[in-house]
Amino acid sequence: MPADLRGVLFAPDRLVPIHRESVRRFVTRIRQDRPACFIPEVPVASELGLPRYEPLLYWIPAHRDIAGRVWQRIRERLGSVVGGRAVVTQVPAHCEQFTELSREEQVHYFAEHLHAICPKPIQVSVIVSNICNLKCVMCPYHSPDIRPTHQTDFFKDRVWMPWEMMDKLASECGASQIPVKIGNVEEPLLHPHIVEFVHACRTRGVPWIHITTNGVTLTEKLASDLLEAGLTSLYVSLDAARPETYRRIRGSVLEQVESNLRAFLRLRREKGVSCSVMASFVRNKGVSEEEIFEFREKWLRNSDGVIFYNLAEYESGNSVFKQINRVAKEKMEKVGGRWPCLNPWQEIYILPDGRVYYCCETVSKLAFEQLESMGRYPEQSLLELWRGEPFTALRRDLVLNKLDRWPACQKCGIWMAHVTATTLEDGVRTTTNMITEIIQCQTQ
């Protein structure tokens, strides 16, 4: 620190040691006439949603007016004490912010000491089986055209997640208030304990639980049971507005599924239950723009919104999209390369056989490649898995862009999917990323 600087260097307790290089850089850039703070960030990834730190260092100059104002604002924000440590929750106005980190510092704050800001996953994706009652033409798991290309036995025999595992997940997610998402490679409503699982999650403290379903078995009785159990979000995959398109793509009867969805919406209204419901549509080959528009008009205002998925084609389990979102492409060109994918900082996937994966791309490979599990559930708890060495190593390597150990990441074509764009026109909000386009009325 320059000898002529006078003031206070203040470090609130954030449960993370401050890296030596961070201190050195910070003190060489602070000024006598301006307060400053240090907040670790990773370029692009922090902007897109990487867990955020509160300031780790403050510089308060000795100038009486400046010091008085800054200290007053800090003291106002020191009102809460957690575990014996003072918590400053905001950056005082006019405080110059320093965020730059070397790769070594990024690893230090966002891999080795992630527990300080993200002690638990943002959500847990639970794959309750490997079974589906439809054989959709584009599905990499159950399509009769794609199944002959499978290179693993994951979908060979029926596998159900045992109730003991589901019960433990409900308890752990409830205790830590972690949201739960169900419906990835399977039709979750086929599981005999699905209502019981939703109920167990909600009664034990899970704040939000989502199911994605094809809706074929969503009878009025099951709909009522799910709503009463506490389901908070439902996506119904339709992929068609016309019966002949539905029959070609999904091999079933559109009128029955639409009737099931309308009954669910009616029951939600009658019961006064808060459960978000959306209808989804994969932009499959051979589907006209006219039918896509029909689908939008049919469900946009009769549900809580519609979701359009860009069609993915699978090459040995790798998701391939023909187009990259314009906003994502611009971001990639501006950055000049790759930034860390956010998934391993956000969620964890639990398979029905106890294996643990870390993103939808790894799940896409279940039929094609034996990826190394990140641990074993329930032998290890969710928090042990989340803070364990495999996840730490993955986050470290993503920061360093060293992906030799992670074939799913090397070949991934959707690592930039967290880049989104939102427009608002005529009261309709549209949010797009590389994979989805979510359209909702503004009042919803």
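Novice: Describe the sheet that holds strand 8 (residues 180–182), listing the residues and the values that go with them.
Specialist: Judged by pairing direction, the sheet is mixed, and its 11 strands sit side by side in the order 16-15-7-8-9-10-11-12-19-18-17 without closing on themselves. Looking at the sheet topology across the chains shown, the edges are occupied by strand 16 (356–357) and strand 17 (421–425).

Novice: Describe the packing of helix 6 (residues 194–203) against helix 7 (residues 220–229), with residues and values.
Specialist: Two numbers describe how helix 6 lies on helix 7: the axes approach to 8 Å, and their chain directions differ by 15 degrees. Classified by the interaxial angle, the pair formed by helix 6 and helix 7 is roughly parallel. Judged by the twist between their axes, the crossing of helix 6 over helix 7 is right-handed. The residues of helix 7 that touch helix 6, namely those facing Val 195, Val 198, His 199 and Arg 202, are Leu 222, Asp 225, Leu 226 and Ala 229.

Novice: Outline the sheet that holds strand 1 (residues 7–10), supporting the account with residue identities and numerical values.
Specialist: With mixed pairing, the four strands of this open sheet are ordered in space as 1-3-2-6. The sheet is open, and its two borders are formed by strand 1 and strand 6 (96–98), each paired with just one other strand. With strand direction ignored, the average angle separating the axes of adjacent strands in the sheet is 15 degrees.

Novice: Help me get a handle on the pattern of salt bridges, residues and values and all.
Specialist: In the structure shown here, the tally under the stated rule is 25 salt bridges. Among the salt bridges present, the one from Lys 168 reaches Glu 172, with a minimum N-O distance of 3.2 Å. Placement of both Lys 168 and Glu 172 in helix 5 (residues 163–176) is noted, with a separation of four residues, approximately one turn of the helix. Exposure remark for Glu 172: the relative accessible area of 14% places this residue in the buried category. We note a salt bridge from Arg 242 to Glu 294, for which the minimum N-O separation is 2.5 Å. Of this pair, Arg 242 sits in the loop between strand 10 (233–237) and helix 8 (243–250) while Glu 294 sits in helix 10 (residues 289–299), placing them 52 residues apart in sequence. On the basis of relative accessibility, which here comes to 32%, the residue Glu 294 falls in the partly exposed class. Bridged by salt links that share partners, the residues Glu 21, Arg 24, Arg 25 and Glu 105 form one connected network.

Scoring rules and cut-offs
Residues numbered from 1 in each chain as written. Predicted model: local features only at pLDDT ≥ 70, side-chain atom pairs only at ≥ 80, totals over all residues. Heavy atoms only, no water. Pairing = 2+ DSSP bridges. Helix = DSSP H or I, 4+ residues; strand = E, 2+ residues; numbered from the N terminus. Axes fitted to C-alpha atoms, helices over the stretch in contact; angles between N-to-C directions. Parallel < 35°, antiparallel > 145°, perpendicular 65-115°, else oblique. Left-handed = near helix turned anticlockwise from the far one by under 90°. Contact = heavy atoms within 4.5 Å. Salt bridge = Lys/Arg side-chain N within 4 Å of Asp/Glu carboxyl O. Buried < 20%, exposed > 50% of the residue type's maximum accessible area, 1.4 Å probe, protein only.

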